[in-house]
Amino acid sequence: MQHFEVNFDGLVGPTHNYAGLSFGNVASLSNAKSSSSPKSAAKQGLAKMKALQAMGMVQGVLAPQERPDIYALRRLGFQGSNEQVLRKAAAEAPAIFRACCSASSMWTANAATVSPSADTMSGRVHFTPANLTNKFHRSLEPQTTGRILQAMFANSRYFEHHQHLPDNEHFGDEGAANHTRFCHEYGNAGVELFVYGRYAFDSSKPAPQQYPARQTYEASAAIARLHGLSDENVVFMQQNPAVIDQGVFHNDVIAVGNQNVMFYHEQAFLHEQQGFAELEAKLGQPMHFIKVPTSAVSVEDAVKTYLFNTQLITLKPGHMIIIAPTECEEHPGVKAYLESLIAGNTPIKDVRFFDVKQSMRNGGGPACLRLRVALNDQELAAVNPHVILTDALFSRLNQWVDKHYRDELSSDDLIDPSLLDESRTALDELTQILHLGSVYPFQQD
């Protein structure tokens, strides 16, 4: 039986914009209300997907959400035609309006937590959409995310779907951005590392003071229970509160792991030695813990370049490469560190740089754009085949973007009801291309 780690990248939606909504995300706040290019953003994402497919990786596509979220605005009391709802919301509650226009679903690492079948008691792949309760604009996502995932992974023999956790800060869950799986081979039973920022029910425990800790221990523990994971293949570690207060809003901004490698900043974790000892013992094989000292790369520079919000992928046994944003290449200190890393005696042998600036300006790097799903060949065959990237699908999606996406979008354009119509036309066609059925609320009316 063959085994694969499949990267499912989120397609950037046709209303991609910079609203500056994410308190604690330095890049998001610093680019608030700048004009965006939905077409460039979507094509940058597609180019990265195609490059990984060309390297021999299995690559999938995850559909975006509809924005503006006219249904959320109606729930909040804005009435009338779509045009009247948009204009009233923008005039009377501009912050709420911008939140309902968020482009945040493009960061698919936050879509869900996934446990492969080799780890779970049921022997099926488990999916739990993230509730994303810490940010209103992201809390709008889980219902549609769940429908999209169920349309992609529909065969109940192989896949099991859970409802997102209760919509409450006590169970704040940010998905795979705070979850990493380690293993020998992708088909072997592994160890799942859940990283949390605070305890929800014990205020005496360490917690950040300036920025919110979006993932709670209680949420991580609940996901492990739902997925049928045993104590022997789960490790919980706390993110360093001081590093959250420096703008590290998710663990995947300060650490990335793959198979037996953990690549991380020295300020990433509390109780690092204890947690790593448990991780290595449960994995049952030596691990490569690659610690980047502050003297080599500061936390500020790590956040600015997203050195750790990179993809760490295996091209062949013992040969991993880093998929990094061009910001890492353009920063002399970070580039020098990466050059020294690949020259060293670790499984990381190369680094490839990609232009994902439209995403970076909104606060997400290459790792934010993908959801990792480990599958065996039977499970892969059971996935909706129309969401797996091929040369033909790549060409079709680029044509679709050219047909429907605007070259430039300002915050004022979001009020335009014709943009909503354009977006719905595009998404309706996309669900036909990807054979998803009616996953959007406007298709179900």
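Coordinates for the structure precede this section.
Residues numbered from 1 in each chain as written. Predicted model: local features only at pLDDT ≥ 70, side-chain atom pairs only at ≥ 80, totals over all residues. Heavy atoms only, no water.

For this particular structure, what's the right way to read the overall build of the protein?
A count of helices and strands for the protein gives 18 helices and 15 strands. Its C-alpha radius of gyration of 21 Å places the protein within 12% of the 22 Å reference for a compact globule of 445 residues. Seen through its principal axes, the protein has C-alpha atoms that stretch 60 × 45 × 45 Å. Out of the 445 residues in the protein, the part that is buried amounts to 62%. The long-range share in the protein, meaning contacts at least 24 apart out of those at least 6 apart in sequence, stands at 77%. Total accessible area computed for the protein in this model is approximately 16400 Å², and 48% of it derives from carbon and sulfur atoms. Measuring between centres, the 36 positive side-chain charges of the protein sit 2 Å from its 47 negative side-chain charges. (Helix = DSSP H or I, 4+ residues; strand = E, 2+ residues; numbered from the N terminus. Rg over C-alpha atoms; globule rule 2.2 N^0.38 Å. Buried < 20%, exposed > 50% of the residue type's maximum accessible area, 1.4 Å probe, protein only. Contact = heavy atoms within 4.5 Å. Areas by Shrake-Rupley, 256 points an atom, 1.4 Å probe, with all protein chains shown as cover. Lys, Arg positive; Asp, Glu negative; His and termini not counted. Charge placed at Lys NZ, Arg CZ, Asp CG, Glu CD.)

Would you mind going over the sheet that holds strand β1 (residues 3-10) with me for this structure?
Remark on secondary structure: sheet strands pair via backbone hydrogen bonds, oriented parallel or antiparallel. Read from one edge of the open sheet, three strands run β2-β1-β15, paired in mixed fashion. With partners counted over all chains shown, the strands left at the sheet margins are β2 (59-62) and β15 (370-376), one partner each. In this sheet, neighbouring strand axes are inclined to one another by 30° on average, regardless of whether the strands run parallel or antiparallel. In this sheet, β15 lies alongside β1 in antiparallel orientation, the contact comprising seven bridges. Each residue of the ladder has a partner; that of Asp 9, found in β15, is Arg 370. With respect to the sheet, helix α7 (residues 142-152) is in contact with β1, β2 and β15, its orientation differing from that of β2 by roughly 140°. (Pairing = 2+ DSSP bridges. Axes fitted to C-alpha atoms, helices over the stretch in contact; angles between N-to-C directions.)

What am I meant to see in the pattern of salt bridges here?
Between side chains of opposite charge, a pair can form as their charged atoms come close. Using the criterion set out here, one finds 20 salt bridges in the structure. For Arg 87, the salt bridge goes to Glu 83, with nearest N and O atoms at 3.3 Å. Separated by four residues within a single helix, Arg 87 and Glu 83 lie in helix α4 (residues 82-92), roughly one turn from each other. Two residues, Arg 138 and Glu 141, come together in a salt bridge whose shortest N-O distance is 3.0 Å. One salt-bridge network, held together by shared partners, links Arg 406, Asp 416 and Glu 422. (Salt bridge = Lys/Arg side-chain N within 4 Å of Asp/Glu carboxyl O.)

Please clarify how the side chain of Thr 180 should be interpreted in this entry.
In this fold, Thr 180 is placed in strand β6 (residues 179-182). Here Thr 180 falls in the buried class, since its relative accessible area comes to 6%. Every residue in contact with Thr 180, bar those within four places of it in the chain, is listed here: Val 191, Glu 192, Leu 193, Gly 257 and Arg 372.

Where do I start with a nonpolar patch on the surface in this structure?
A cluster of nonpolar residues, Leu 76, Ile 96 and Phe 136, forms a patch on the protein surface that exposes about 240 Å² of accessible area. Examined against the element boundaries, Ile 96 turns out to sit in helix α5 (residues 94-99). (Patch = residues over 30% accessible without salt bridge, like charges linked within 9 Å, V, L, I, M, F, W, Y side chains within 5 Å.)

Whenever I open this one, the sheet that holds β6 confuses me. Can you help?
Strand order in the open sheet formed by three strands is β6-β7-β8, with mixed pairing between adjacent strands. This sheet does not close on itself; its edge strands, each paired only once, are β6 and β8 (234-238). Sheet twist, expressed as the average angle between the axes of neighbouring strands with direction ignored, equals 20°. Direction of pairing for β6 relative to strand β7 (residues 191-196): antiparallel, over a ladder of four bridges. Bridging across to β7, His 179 finds its partner in Phe 194. In this fold helix α8 (residues 217-226) packs onto β7 and β8, with an angle of close to 155° to the strand it touches most, β7. Across the face of the sheet, helix α10 (residues 272-283) comes into contact with β6, β7 and β8 while running at roughly 165° to β8.

Would you explain unusual backbone geometry in this entry?
For residues that are not glycine, phi is negative in most cases, and the peptide bond is trans in most cases. Cis peptide bonds are those with omega within 30 degrees of zero, and the linkage from Arg 67 to Pro 68 qualifies with 5°. By the secondary structure assignment, Pro 68 is in the loop between β2 and α3 (70-75). The phi dihedral of His 271 falls on the positive side, at around 50°, and the residue is not glycine. Tracing the backbone shows His 271 in the loop between β10 (261-265) and α10. Positive phi outside glycine occurs at Tyr 306, with the angle close to 55°. Secondary-structure assignment places Tyr 306 in the loop between α11 (299-305) and β12 (311-316). Residue classification places Tyr 306 among the buried residues on the basis of a relative accessible area of 1%.

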